[in-house]
Amino acid sequence: MDDSQKQGAPGPWSSRLARGAPAALSGLIAGFTALCVAELVAAAVRPEAGPVTAVGGAVIDRTPPAVKDFAVRNFGTADKLVLQLGILVLLALFAMGIGVLASRHRRTGAAAVLVFGVIGAVSAVGRPEGRATDALPSVVGALVAAGVLYLLAGRLAPATAPPPAAGETERADRGVFDRRGFVVAATAAAAASAGAGLLGRQLQASRLAGVSAARGDITLPAPASPAPAIPRGAGLDIRGLSSFVTPNKDFYRVDTALTVPRVDAGSWRLRIHGKGVARPVTLGFQDLLARELIERDITLTCVSNQVGGPYVGTARWIGVRLADLLREAGVKPPSRGGPADQIVARSVDGMTIGTPVEDVMDGRDALLAVGMNGEPLPFDHGFPVRMVVPGLYGYVSACKWIQDIELTTFDSYDAYWVKRDWAREAPIKTQARIDTPRPFASPRAGTVPVAGVAWAQHRGIERVEVRVDGGEWHTARLAADAGRDTWRQWVWEWPATTGNHTLEVRATDRTGATQTEERVGTVPDGATGWHSVVVDVS
Ligand SMILES: Nc1nc2c(c(=O)[nH]1)N[C@H]1C(S)=C(S)[C@@H](COP(=O)(O)O)O[C@H]1N2
Ligand SMILES: [Mo]
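Residues numbered from 1 in each chain as written. Chains lettered and ligands numbered in written order. Predicted model: local features only at pLDDT ≥ 70, side-chain atom pairs only at ≥ 80, totals over all residues. Heavy atoms only, no water.

### Quick word on the overall build of the chain
The helix and strand tally for the chain stands at twelve helices and 18 strands. With respect to the three principal axes, the spread of C-alpha positions in the chain is 95 × 70 × 45 Å. Counting the 538 residues in the chain, one finds 51% classified as buried. In the chain, of all internal contacts separated by at least 6 residues, the share reaching a separation of at least 24 is 76%. A total accessible area of about 24200 Å² is found for the chain, and carbon and sulfur atoms account for 57% of it. Separation of charge centres in the chain, based on 57 positive and 52 negative side chains, amounts to 5 Å. (Helix = DSSP H or I, 4+ residues; strand = E, 2+ residues; numbered from the N terminus. Buried < 20%, exposed > 50% of the residue type's maximum accessible area, 1.4 Å probe, protein only. Contact = heavy atoms within 4.5 Å. Areas by Shrake-Rupley, 256 points an atom, 1.4 Å probe, with all protein chains shown as cover. Lys, Arg positive; Asp, Glu negative; His and termini not counted. Charge placed at Lys NZ, Arg CZ, Asp CG, Glu CD.)

Encoded structure:
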């Protein structure tokens, strides 16, 4: 039964391990119980209130911009998975420690479990969208887990064993606790916890299935103002070049949501209120669909996009003109004497995004979008309604899962990312990206198409130039113009010679400004510099 017994004289180490291993295991089981019970309670409260999601969210809220930038850069969209795995590993280590503690001091061990419950509860309630009931999953989970640990620790106690005879401490130490009793109790606790966890997951899944089915049943009305046809030739037929329209499944996703909100469109409401709102309004999803819809191609860009990075994409959006709604509510832009210069959009997950009122009302196609590339918004991209404002980075314009619009001033309120060192206002900077050839590609000598995309939303792209090894600039051929709110493809036929070469690209917008060579990072208002690619021509 016990290998160490057959392997001759067990030292104090294996002795300690024989006692320590079940103790650590009891801690792990208690931790597992806490998470499973919390999962079940979260199904009743709401999925985002589960402890791992809550603690992860709290970590994200407090992550300094430089670290967040590092995480996004190195893990990309997997950054959230890495964070959650990290939390689980830490939790497992603590749980084992607490198990060992409980095997010596039952009460103290059980109390330590409660401390973790408090951490989870405080994290959940302290999230921007947190409510008092969000504490329940962590609290109930921790209470049950403390009970389980107390019980298991009891089975590890040497209470029922006869006191060891002199000189027999070694064997007595290992033999004292009720091994069978412990195994039975531990197995029962683990099985019951797994059952609770599975039930919780099941309940959450069936709710999600209902919301997904309802999304699938939505038919978007035809827009009163369809998007202008994309000119033939806006998409060049070149291998490795990004398509003009980015399919939803390939569209970048950047947000702070560990659990993607699944909002029920039927009960969704949007409130518009605040400074200078003469007639506050509350709208439902059907109210929006009943209004005049417009359809526009708009390129979205993230401020966290590095030079040459992937966080940019173009979609055909359908939605309601936000300026019309604001005007009906009695809002005037600052240039016409309105008292509010900032729109603060709030999402169901507590994100706040501040946008200049002037930009939204200056005639550009600022949308409350309900559709993306011919379908209702995907859940990842803000279902049922999000904002899209041409020319502004996403963090100051593109609120997903929106539920509230408040008119206020920049002086009186800082939105989520502004509190975290990012700029209050952030128009998108002119950028060009080389899509092909890829870095370190080895094309054959001869004519090599160098191609990519360039964007300067709401100004438009005037010119793109490419140079090789710091030589003279060559003007690239631009694809047909689809308007100033979308990116533009470009290509330059490079007479490539063998050897290592550095390709560089720069764009000029329609105001005549050429993007600067100066390299700056993404914080606080977007990266600058020329994208370059090194290739080895063979
Ligand atoms: N609710 C919510 N909306 C949000 C965000 C977020 O974290 N939460 N991120 C913003 C940022 S930084 C960007 S770049 C865009 C990205 O939109 P996408 O994920 O649909 O590409 O959404 C914006 N809207
Ligand atoms: Mo972003």
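Next comes the rest of the account.
### What to know about the site of ligand 1
Around ligand 1, a shell composed of 20 residues is seen, among which Tyr 252, Thr 256, His 381, Arg 386 and Lys 400 lie nearest. In this structure, a nitrogen atom belonging to ligand 1 sits 3.3 Å away from a side-chain N or O atom of Asp 349. One of the backbone nitrogen or oxygen atoms of Ala 398 is found 3.0 Å away from a nitrogen atom of ligand 1. Spatially, ligand 1 is embedded in the second largest pocket. (Near = heavy atom within 4 Å. Polar contact = N/O pair within 3.5 Å; in protein donor to acceptor, adjacent residues only side chain to side chain. 1 Å grid on protein atoms, 1.4 Å probe; cavity = no way out; pocket = protein on both sides within 12 Å on 5 of 7 lines; lining within 4 Å. Sits in = over half its atoms within 2 Å of the grid points.)

### A word on the confidence of the model for the chain
Predicted confidence across the chain gives a mean pLDDT of 92, with 93% of residues reaching 70 or more. Low pLDDT (under 50) marks residues 1-10, which in the prediction has nine contacts with non-local residues, meaning those over four places away or in another chain. In this model residues 167-175 is a low-confidence stretch, pLDDT under 50, and it forms 15 contacts with partners more than four residues away in sequence or in other chains. (pLDDT = per-residue confidence, 0-100.)

### A closer look at the nonpolar core
Counting 80 residues, the largest nonpolar core has Trp 317, Leu 368, Ile 402 and Leu 407 as the members making the most contacts within it. Shared between two domains, this core holds at least three residues of each, these being domain 2 (248-420) and domain 3 (431-537). Within the second largest apolar cluster, 21 residues are counted, among which are Ala 432, Val 450, Ala 454 and Val 535. (Core = buried A, V, L, I, M, F, W, Y, C linked by side-chain atoms within 4.5 Å. Domains from an automatic or database assignment.)

### Description of the side chain of Asp 435
Tracing the chain through its elements places Asp 435 in strand S11 (residues 431-436). On the accessibility criterion, Asp 435 (4% relative accessible area) is buried. A distance of 2.6 Å separates the side chain of Asp 435 from the side chain of Ser 242, its partner in a polar contact. If we ignore the near neighbours within four places in the chain, the residues touching Asp 435 are Gly 240, Leu 241, Ser 242, Ala 451, Gly 452 and Val 453.

### Topic: the pairing of strand S1 (residues 269-274)
Relative to strand S2 (residues 281-284), S1 runs antiparallel, the two sharing four bridges. Bridged to Arg 271 within S2 is Thr 282. Connecting the antiparallel pair S1 and S2 is a turn made up of six residues, with Gly 276 showing a positive phi of about 75°. Here four bridges tie S1 to strand S10 (residues 402-408), and the two strands are oriented parallel to one another. Counterpart to His 273 in the pairing with S10 is Glu 406. (Pairing = 2+ DSSP bridges.)

### Details of helix H9 (residues 179-216)
For an α-helix, 3.6 residues make a turn, and residues three or four places apart therefore share a direction. With 38 residues, H9 extends 54 Å between its outermost C-alpha atoms, agreeing within 8% with the 56 Å of an ideal straight helix rising 1.5 Å per residue. Among all positions of H9, only Gly 181, Phe 182, Ala 185, Ala 186, Ala 189, Ser 193, Ala 196, Gly 197, Gly 200, Gln 204, Val 211 and Arg 215 are buried. (Expected span 1.5 Å × (residues − 1).)

### Considering empty space enclosed by the protein
Counted by the stated rule, this structure contains four cavities of 30 Å³ or more. Of the volumes computed, that of the largest cavity is approximately 80 Å³. For the lining of the largest cavity, the class distribution of residues is seven nonpolar, five polar and one charged. Counting only domains with at least three residues in the lining of the largest cavity, you end up with domain 2 (248-420) and domain 3 (431-537). The volume enclosed by the second largest cavity comes to roughly 60 Å³. In terms of lining residues, the second largest cavity is bounded by Glu 48, Thr 53, Arg 127, Glu 129, Thr 256, Ala 257, Leu 258, Thr 259 and Asp 349. For the lining of the second largest cavity, a count of residues per class yields two nonpolar, three polar and four charged. Viewed by domain, the lining of the second largest cavity spans two of them, domain 1 (11-162 + 173-210) and domain 2 (248-420), each represented by three or more residues. (Points joined across faces, edges and corners; volume = space filled by probe spheres on them. Nonpolar A, V, L, I, M, F, W, Y, C, P; charged D, E, K, R; others polar.)

### Some remarks on the sheet that holds strand S15 (residues 477-478)
Pairing is antiparallel in the open sheet, where four strands are placed in the order S11-S12-S16-S15. Edge positions in the sheet fall to S11 and S15, since each has one partner strand and no second.

### Digging into the environment of Gln 204
Looking at the secondary structure, you find Gln 204 in helix H9. A relative accessible area of 13% means that Gln 204 is categorised as buried. Each C-alpha atom, one on Gln 204 and one on Ala 42, is 8.5 Å from the other, the two residues being 162 residues apart in sequence. Every residue in contact with Gln 204, bar those within four places of it in the chain, is listed here: Glu 39, Ala 42, Ala 43 and Pro 47. Polar side-chain contacts of Gln 204 include one of 3.2 Å to the backbone oxygen of Glu 39.

### Notes on the packing of aromatic side chains
Using the criterion set out here, one finds nine aromatic pairs in the structure. A centroid spacing of 5.2 Å and a plane angle of 55° characterise the contact between Phe 94 and Phe 116, whose relative ring orientation is tilted. In this pair, Phe 94 sits in helix H5 (residues 79-104) while Phe 116 sits in helix H6 (residues 106-126), placing the two residues 22 residues apart along the sequence. On the basis of relative accessibility, which here comes to 45%, the residue Phe 94 falls in the partly exposed class. Arranged with centres 5.2 Å apart and planes meeting at 70°, the rings of Phe 379 and Phe 383 form a pair that is edge-to-face. The buried category is assigned to Phe 379, whose relative accessible area is 10%. Residue class for Phe 383 comes out buried when judged on its relative accessible area of 1%. Among the aromatic residues, those joined into a ring-pair cluster are Phe 251, Tyr 252, Tyr 311 and Trp 317. Over the ring of Phe 379 we find Arg 262; its NZ or CZ atom is 4.5 Å from the centre of that ring. (Phe/Tyr/Trp six-rings, centres within 6.5 Å; stacked < 30°, edge-to-face > 60°. Lys NZ or Arg CZ within 6 Å of the ring centre and 35° of its normal.)

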